[in-house]
Amino acid sequence: TIWLSAVKANPTVSLPYGALASIYAREEQFDKSERFYLKGLTLDPYNEKLTTDLGLVYEKKGNIQKAVQQHQKAIKINPAYYFSYVFLMPLKACFW
């Protein structure tokens, strides 16, 4: 894909890693998705979108504790990032 080419051309930019992670998540390839989100976050550790999206992957993998931690981390990064709250609240309501 074009995103794989982008990773190869410039492996120090987080955007293509996040795009690939998102594609793998839609295809329910959650282990691959997790790896790409983690790589993107090593390059851009204060990216609230990547952090929140990794939380969604953890939720799909059944790791609710890690999902909650990721959403909370995203909120600390950017308290105005609405989606972190949207995804966190149902988890807290169901499991805490």
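Residues numbered from 1 in each chain as written. Predicted model: local features only at pLDDT ≥ 70, side-chain atom pairs only at ≥ 80, totals over all residues. Heavy atoms only, no water.

Colleague: Where do I start with the overall build of the chain in this structure?
Modeller: The helix and strand tally for the chain stands at 6 helices and 0 strands. The order of α-helices and β-strands along the chain, N terminus first, is α-α-α-α-α-α. Relative to the 2.2 N^0.38 estimate, which gives 12 Å for 96 residues, the radius of gyration of the chain is 13 Å and therefore close to what a compact globule would have. Taken along its principal axes, the extent of the C-alpha atoms in the chain is 45 × 25 × 15 Å. The buried share of the chain, taken over its 96 residues, is 38%. Counting only contacts in the chain whose residues sit at least 6 apart along the sequence, the fraction spanning at least 24 positions is 38%. For the chain, the computed accessible surface area is about 5,900 Å², with 59% contributed by carbon and sulfur atoms. (Helix = DSSP H or I, 4+ residues; strand = E, 2+ residues; numbered from the N terminus. Rg over C-alpha atoms; globule rule 2.2 N^0.38 Å. Buried < 20%, exposed > 50% of the residue type's maximum accessible area, 1.4 Å probe, protein only. Contact = heavy atoms within 4.5 Å. Areas by Shrake-Rupley, 256 points an atom, 1.4 Å probe, with all protein chains shown as cover.)

Colleague: Is there a simple way to explain the side chain of Ser-84 in this structure?
Modeller: Position of Ser-84 among the secondary structure elements: in helix 6 (residues 82-95). We classify Ser-84 as buried; its relative accessible area is 0%. Once you skip the residues sitting within four places of it in the chain, Ser-84 turns out to touch Thr-52, His-71, Ala-74 and Ile-75.

Colleague: Help me understand the packing of helix 4 (residues 48-60) against helix 5 (residues 64-77), please; the structure alone is not making it clear to me.
Modeller: Relative orientation of the contacting elements helix 4 and helix 5 amounts to 165°, with a least axis distance of 7 Å. One way to sum up the angle between helix 4 and helix 5 is to call them roughly antiparallel. Between helix 4 and helix 5 the crossing geometry is left-handed. Of the residues in helix 5, those in contact with Glu-48, Thr-51, Thr-52, Leu-54, Gly-55, Leu-56, Tyr-58 and Glu-59 of helix 4 are Ile-64, Lys-66, Ala-67, Gln-70, His-71, Lys-73, Ala-74 and Ile-77. Its residues assigned to classes, the contact of helix 4 with helix 5 shows 7 nonpolar, 5 polar and 4 charged. (Axes fitted to C-alpha atoms, helices over the stretch in contact; angles between N-to-C directions. Parallel < 35°, antiparallel > 145°, perpendicular 65-115°, else oblique. Left-handed = near helix turned anticlockwise from the far one by under 90°. Nonpolar A, V, L, I, M, F, W, Y, C, P; charged D, E, K, R; others polar.)

As far as function goes, none of this settles anything; it's purely spatial.
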